[in-house]
Amino acid sequence: MLPALHAANLVIVNLAGRRLFGRAAFASAMAEALSSSIKDIRTSLEVDDIRFTTPDVAIVSLTKTVYDERSEAEDSSELPSVGVMTYVLTRVRTGSGT
């Protein structure tokens, strides 16, 4: 599941401007979305740039494209179909040296 790939103390701002603090809030929002008509909205991400601030930290700039596959009869929002995202990725080293 997507939330498990994120840090416990994450901060996410979605395309609609909703801010979520923490993995639990993200998991709850994902579960809520997937049990509604939002489940028929697909997204893709394209990596635009990766910059390493240290060997274990990268800033990743992405373009997010939204594909609304809900039926015409459903209430569709006026959200943009393209947005940008920034991820801060950190390597977590385990005892095995990786």
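Residues numbered from 1 in each chain as written. Predicted model: local features only at pLDDT ≥ 70, side-chain atom pairs only at ≥ 80, totals over all residues. Heavy atoms only, no water.

**A closer look at the sheet that holds strand β4 (residues 57-68)**
- The antiparallel open sheet is built from three strands, whose spatial order is β3-β4-β5. Edge positions in the sheet fall to β3 (41-54) and β5 (82-90), since each of these pairs with one other strand and no more. Ignoring which end each strand starts from, the neighbouring axes of this sheet average 25 degrees apart.
- Pairing geometry for β3 and β4, over 12 bridges, is antiparallel. Looking at the pairing, threonine 54 lines up with valine 57 of β4. (Pairing = 2+ DSSP bridges. Helix = DSSP H or I, 4+ residues; strand = E, 2+ residues; numbered from the N terminus. Axes fitted to C-alpha atoms, helices over the stretch in contact; angles between N-to-C directions.)

**Some remarks on the pattern of salt bridges**
- According to the stated counting rule, one finds four salt bridges in the structure shown.
- Among the ionic pairs, aspartate 56 bridges to arginine 91, the shortest N-O distance being 2.8 Å. Pair noted here: aspartate 56 is in the loop between β3 and β4 and arginine 91 is in the segment after β5, with a separation of 35 residues, a long-range link.
- Looking at aspartate 56, the relative accessible area reads 25%, which means it is partly exposed.
- The salt bridge involving aspartate 56 is made with arginine 93; its shortest N-O contact spans 2.8 Å. (Salt bridge = Lys/Arg side-chain N within 4 Å of Asp/Glu carboxyl O. Buried < 20%, exposed > 50% of the residue type's maximum accessible area, 1.4 Å probe, protein only.)

**Some remarks on the nonpolar core**
- Residues Leu10, Ile12, Leu20, Phe26 and Ala29 constitute the largest nonpolar core, which totals five residues.
- In this view, isoleucine 12 contacts His6, Arg18, Arg19, Leu20 and Phe26; residues no more than four positions away in its chain are not counted. (Core = buried A, V, L, I, M, F, W, Y, C linked by side-chain atoms within 4.5 Å. Contact = heavy atoms within 4.5 Å.)

**Examining the packing of aromatic side chains**
- In total, this model carries zero aromatic pairs according to the counting rule given.
- Geometry around tyrosine 67 places arginine 42 over its ring, the cationic atom sitting 4.5 Å from the centre. (Phe/Tyr/Trp six-rings, centres within 6.5 Å; stacked < 30°, edge-to-face > 60°. Lys NZ or Arg CZ within 6 Å of the ring centre and 35° of its normal.)

**Re the pairing of β4**
- In sequence, β3 turns back onto β4 through a hairpin of two residues.
- In terms of strand pairing, β4 meets β5 through nine bridges, oriented antiparallel. If you follow lysine 64 over to β5, its bridge partner there is glycine 83.

**Topic: the environment of isoleucine 41**
- Here isoleucine 41 shows up in strand β3.
- When its relative accessible area of 27% is taken as the criterion, isoleucine 41 is described as partly exposed.
- Setting aside anything within four residues of it in sequence, one finds isoleucine 41 in contact with Val66, Tyr67, Asp68, Glu69 and Arg70.

Treat this as a map of the structure, not an account of what it does.
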